[in-house]
Amino acid sequence: MARDPDAFSPGLTAALRQALDARSDVEERQMFGCLCFMVDGKICLGVRRDELLVRLPPSRHDEFAEQPGVRELSPGGGMQGYFFIEPDGYARREQWEFWLGEALAYNPQARATPKRKPRTTTED
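Residues numbered from 1 in each chain as written. Predicted model: local features only at pLDDT ≥ 70, side-chain atom pairs only at ≥ 80, totals over all residues. Heavy atoms only, no water.

K.L.:
Before we move on, can you summarise the packing of helix H1 (residues 10-20) against helix H4 (residues 93-106) with the specific residues and values?
P.N.:
Where H1 contacts H4, the axes come no closer than 12 Å and their chain directions differ by 55°. Judged by the inter-axis angle, H1 sits oblique to H4. The interaxial crossing formed by H1 with H4 has right-handed handedness. The segment H1 lies against H4, with Leu12, Ala15, Leu16, Ala19 and Leu20 engaging Trp96, Leu100 and Leu104. (Axes fitted to C-alpha atoms, helices over the stretch in contact; angles between N-to-C directions. Helix = DSSP H or I, 4+ residues; strand = E, 2+ residues; numbered from the N terminus. Parallel < 35°, antiparallel > 145°, perpendicular 65-115°, else oblique. Left-handed = near helix turned anticlockwise from the far one by under 90°. Contact = heavy atoms within 4.5 Å.)

K.L.:
Talk me through the pairing of strand S6 (residues 82-85); I want residue IDs and the actual numbers.
P.N.:
Where a strand is regular, its side chains alternate between the two sheet faces. Residue alternation in S6 divides its side chains into two sets, Tyr82 and Phe84 and Phe83 and Ile85, and both sets are buried. Where strand S4 (residues 51-55) and S6 come together, 4 bridges link them in antiparallel fashion. What sits directly across from arginine 55, in S6, is tyrosine 82. Here strand S5 (residues 70-72) runs beside S6; their pairing, made up of 3 bridges, is antiparallel. Across the sheet, residue arginine 71 finds its bridge partner in S6, namely phenylalanine 84. (Buried < 20%, exposed > 50% of the residue type's maximum accessible area, 1.4 Å probe, protein only. Pairing = 2+ DSSP bridges.)

K.L.:
Could you give an account of the packing of aromatic side chains, naming the residues involved and the relevant values?
P.N.:
Remark: the centre distance and the inter-plane angle together describe each pair of aromatic rings, the angle taken between the planes. Enumeration over the complete set of coordinates arrives at 5 aromatic pairs. Ring geometry for phenylalanine 64 against phenylalanine 83: centres 6.3 Å apart, planes inclined by 65°, an arrangement best described as edge-to-face. Linking phenylalanine 64 in helix H2 (residues 61-65) with phenylalanine 83 in strand S6, this pair joins segments that are 19 residues apart in sequence. Like phenylalanine 83, phenylalanine 64 is buried. Taking 6.5 Å as the distance between ring centres and 55° as the angle between the ring planes, the aromatic pair formed by phenylalanine 64 and phenylalanine 98 counts as tilted. You can see phenylalanine 64 sitting in helix H2 and its partner phenylalanine 98 sitting in helix H4, a full 34 residues away along the chain. An aromatic cluster of three or more residues is present, and its members are Phe64, Phe83, Phe98 and Trp99. The residue whose ring lies beneath arginine 48 is phenylalanine 84, and the NZ or CZ to ring-centre distance is 4.2 Å. (Phe/Tyr/Trp six-rings, centres within 6.5 Å; stacked < 30°, edge-to-face > 60°. Lys NZ or Arg CZ within 6 Å of the ring centre and 35° of its normal.)

K.L.:
I'd love a proper account of the state of the cysteines, names of residues and values included.
P.N.:
Put plainly, a disulfide is one covalent bond tying together the sulfur atoms of two cysteines. The final tally for this structure, using the stated rule, is 0 disulfides. In this structure cysteine 34 is not part of a disulfide, and its nearest cysteine sulfur, from cysteine 36, lies 5.1 Å away. Take cysteine 34: its relative accessible area is 1%, and that puts it in the buried class. (Disulfide = S-S within 2.5 Å.)

Written as structure tokens, this is what we have:
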């Protein structure tokens, strides 16, 4: 399947790579239309177009949802703690550091992302 070349902002992607560069436990993986940055095997941050994806404590979901420039990944409530941050919400250094700091602080307590099952092909 062809990927949309505009799906991931090069500037935002580069900024995340730079912010996480010192860590040895980061892996990039494409999932649900995002380029996700897995930290210690868990979704932590990501990029979709020019939006920053953050994984935050589900217990503080309502608090984060009220912040300007923030929208839930799943408005139906199926993915508590996952948010997209619009560029206006991370443009200033203190905003950027806040979102990355919150996501990285929560990561050690986050549940691990289930391992992918290997794809099997059946021949008829």
